[in-house]
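# Descriptive analysis of the structure
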Amino acid sequence: MASPKSFRGFGNRRRLILFIQAALVSVVAAIGIALSELPANLDNTVFPACVLVSVIAVWNFWSWRLLGREWFGPYGLFLMSASLFNGGQAFLEVLGLNVNGVLAGHYAPELTVKALYLIALGLAALHLGAIGAIRKPAVRTHFRPRPSDDERDRASRAVGWSCLLISAFPNVLVLRDMLSVVASRGYTGLTDRPVEDVLPASIRLLAGFLVPGVMFLAAGSRRHRHSLTLAAIVMAVYSGIVMYSGMRRLGAPLFISFVWLYHSRIRRLPRAAILSTGVALLALFTLVSEVRNEPGPWLDAVQKARATSSAAQNPIVGAITEMGNTAGTVADTINLWPAARPFDYGIGYGYALLTLIPNVGWAVHPTAARGTYSEWLTRMVELRTDVHGGGFGYSFIAEPFANFGWYGVVPLLVLTGYLLVKMFEWATLTDDPAKYAAVATFIVPLLFFPRAETAELFRPLVYYSLLSYVAAGLWTKRFLSKSRAGQPQRIAPRVTGRRPVPGGQPSLESTAPRRGSLANSSPT
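Calculation rules
Residues numbered from 1 in each chain as written. Predicted model: local features only at pLDDT ≥ 70, side-chain atom pairs only at ≥ 80, totals over all residues. Heavy atoms only, no water. Axes fitted to C-alpha atoms, helices over the stretch in contact; angles between N-to-C directions. Helix = DSSP H or I, 4+ residues; strand = E, 2+ residues; numbered from the N terminus. Parallel < 35°, antiparallel > 145°, perpendicular 65-115°, else oblique. Contact = heavy atoms within 4.5 Å. Nonpolar A, V, L, I, M, F, W, Y, C, P; charged D, E, K, R; others polar. Phe/Tyr/Trp six-rings, centres within 6.5 Å; stacked < 30°, edge-to-face > 60°. Buried < 20%, exposed > 50% of the residue type's maximum accessible area, 1.4 Å probe, protein only. Lys NZ or Arg CZ within 6 Å of the ring centre and 35° of its normal. Polar contact = N/O pair within 3.5 Å; in protein donor to acceptor, adjacent residues only side chain to side chain. pLDDT = per-residue confidence, 0-100. Expected span 1.5 Å × (residues − 1). Salt bridge = Lys/Arg side-chain N within 4 Å of Asp/Glu carboxyl O.

Here we come to the packing of helix α3 (residues 74-95) against helix α4 (residues 109-133). Contact geometry of α3 with α4 gives a least axis separation of 10 Å together with a crossing angle of 170°. Considering their axes alone, α3 and α4 lie roughly antiparallel with respect to each other. From α3, Tyr-75, Phe-78, Leu-79, Ala-82, Ser-83, Asn-86, Gly-87 and Ala-90 reach across to α4, where they touch Leu-116, Ile-119, Leu-123, Leu-126, His-127 and Ala-130. Of the residues belonging to the contact of α3 with α4, the class tally is 10 nonpolar, 4 polar and no charged.

Aromatic rings considered in pairs are described by the distance between their centres and by the relative angle of their planes. Under the definition given, this model contains 19 aromatic pairs. Ring centres of Tyr-117 and Trp-406 lie 5.9 Å apart, and the angle between their planes is 50°; this geometry places the pair in the tilted category. With Tyr-117 in helix α4 and Trp-406 in helix α19 (residues 406-428), this residue pair connects regions lying 289 residues apart in the sequence. For Tyr-117, a relative accessible area of 12% puts it in the buried group. Residues Trp-260 and Tyr-436 carry aromatic rings whose centres are separated by 5.8 Å and whose planes lie at 25° to one another, so their mutual orientation is stacked. Pair noted here: Trp-260 is in helix α9 (residues 248-266) and Tyr-436 is in helix α20 (residues 433-446), with a separation of 176 residues, a long-range link. Pairwise contacts between aromatic rings join Tyr-117, Phe-343, Tyr-345, Phe-401, Phe-404 and Trp-406 into one cluster. Here the guanidinium or amino end of Arg-154 rests over the ring plane of Phe-479, the centre of that ring lying 3.9 Å away. In this structure, Arg-341 packs its charged tip against the face of Trp-376, placed 5.2 Å from the ring centre.

Secondary-structure assignment places Ser-468 in helix α21 (residues 458-486). Reaching out from Ser-468, the side chain makes a polar contact with the backbone oxygen of Tyr-464 at a distance of 2.6 Å. With residues up to four places along the chain from it excluded, the contact list for Ser-468 reads Val-159, Cys-163, Pro-212, Phe-216 and Tyr-463.

A word on the confidence of the model for the protein. Predicted confidence across the protein gives a mean pLDDT of 84, with 81% of residues reaching 70 or more. Scored below 50 in pLDDT, residues 142-147 shows 11 contacts in the model against residues more than four places distant or in partner chains. Scored below 50 in pLDDT, residues 501-524 shows 19 contacts in the model against residues more than four places distant or in partner chains.

Cis peptide bonds are those with omega within 30 degrees of zero, and the linkage from Trp-337 to Pro-338 qualifies with -5°. In this fold, Pro-338 is placed in the loop between α13 (327-336) and α14 (347-353). The backbone phi angle of Leu-103 is positive, close to 55°, even though this residue is not glycine. Within the secondary structure layout, Leu-103 lies in the loop between α3 and α4. On the basis of relative accessible area, Leu-103 is assigned to the buried category, the value being 5%.

Helix length check: α19, at 23 residues, gives a terminal C-alpha distance of 34 Å against a target of 33 Å (1.5 Å per residue), a fit within 8%. Every buried residue of α19 is accounted for by Gly-408, Val-409, Leu-413, Gly-417, Leu-420, Val-421, Met-423, Phe-424, Glu-425, Ala-427 and Thr-428.

On inspection of all chains with the given rule, the structure shows 13 salt bridges. In this structure, the salt-bridge partner of Lys-114 is Glu-110, at a minimum N-O distance of 3.8 Å. Taken together, the positions of Lys-114 and Glu-110, both in helix α4 and 4 residues apart, correspond to about one turn of that helix. On the basis of relative accessibility, which here comes to 33%, the residue Lys-114 falls in the partly exposed class. Classification of Glu-110 as partly exposed rests on a relative accessible area of 39%. A salt bridge links Arg-341 to Asp-344; the shortest N-O distance between them is 3.2 Å.

We now examine helix α2 (residues 46-66). Along its 21 residues, α2 runs 30 Å from first to last C-alpha, staying within 8% of the 30 Å computed at 1.5 Å per residue. Taken as a whole, α2 has its buried residues at Val-46, Ala-49, Cys-50, Val-53, Ser-54, Ile-56, Ala-57, Trp-59, Asn-60, Phe-61, Ser-63 and Trp-64. Directly after α2, the chain includes Gly-68, whose backbone phi takes a positive value near 80°.

Another aspect to go through is the environment of Trp-59. By the element assignment, Trp-59 lies in helix α2. Between the C-alpha atoms of Trp-59 and His-127, which are 68 residues apart in sequence, the distance is 9.7 Å.

Here it is in structure tokens:
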């Protein structure tokens, strides 16, 4: 337990860092307002804008560590993903590793500067909300004296086994379909095919329960090595298959989330091992990107990629360059809203919430019929890619701009950071396995959220994370009732105001002392 003095010291440090972060957001916002009001030539300010993004990113991570939080934690991982996807090319530009320039010079310098400025403002606002959500030091406490650890672990394992059973047969269908398409047509064959050839949405929805199955089974298996080993094997095999198929957005986050869960809940891992694994994953990102569009065996595709690609010579730089291309969607959003499409004023978030409703009662889901921001942007910018079923992805920083313009970025991203950290603190400052598993399940879609939009986030949050957590609560109540039913009942004697007699029947004689008895007589 932390002492009151340490709590006061933490509170003072938190208030100071929160003040600095609020001042940083205010200064960045003031710079934008000044540049919009005053005539200025932004053509020569690309590098200073890259420096601004880099400084804000470094400060975000440093201040998070000053608050006693880990970088290899839920928010630290999300912040890393948000920084690399949106500001990766800015970092390379500052380090002199961006050979082709920011976004390869595809955008006018003024538009590039505006995109970098919006990214800097968004990252600063996100971290402001995250700091505001912290209330106490990172001291883990037991979640409750009751239910016992064994009962809560049993409940988590029960949810894990149930989810794995639900997803077993659907995953056989999904993985078989995925491997057959990739073997014959490559990764693009998964998107460039008629709708009638795609498996039904219900099958894919049930297959997704593999993620909470693995996480809840592992979280409840701290003292059950066989179950933990099985969960790790299922995770490794599934991640390997989807990475082989080219679906990095599912394979890599699933692996990272499972490693975090093991590190936080089961056993601490060496920092060197975590760092080396992260570097290897970045290199694997580049490799998968080069070979996934080549049908046939992987070895042939790897040799062909090595012969034709220069990115394989420096896989880390190649991975960060590719991830940083997400900044292009920010530039396109600034360029097309409201010139080609009016601001949505929150309608986009409303349709994202509609994804919680299953696709029952209509041929096409309303959100799919309206289309996502990524689909619309791809159709406007690169029609050929859209025709073949591909897409650019999107950016969680560009989405507030598409809804409310410049004035919506700060409040919405502050709210995003606040809500995320509140959820993470709710789980990680306890020792509840179900809470850890719920957060680990949510991390899988969250790590790709910086390159996506909220329409892809609500359904996995509710269906896989929160519903599984509720199911763990129901299992806990069931195990508690069984354990209480198996314990011998102790019957306390009734207090009736009458004297108890052998046999348990109350005596008719009153327990009050009689008048004139020794109890009422005064001492002589």
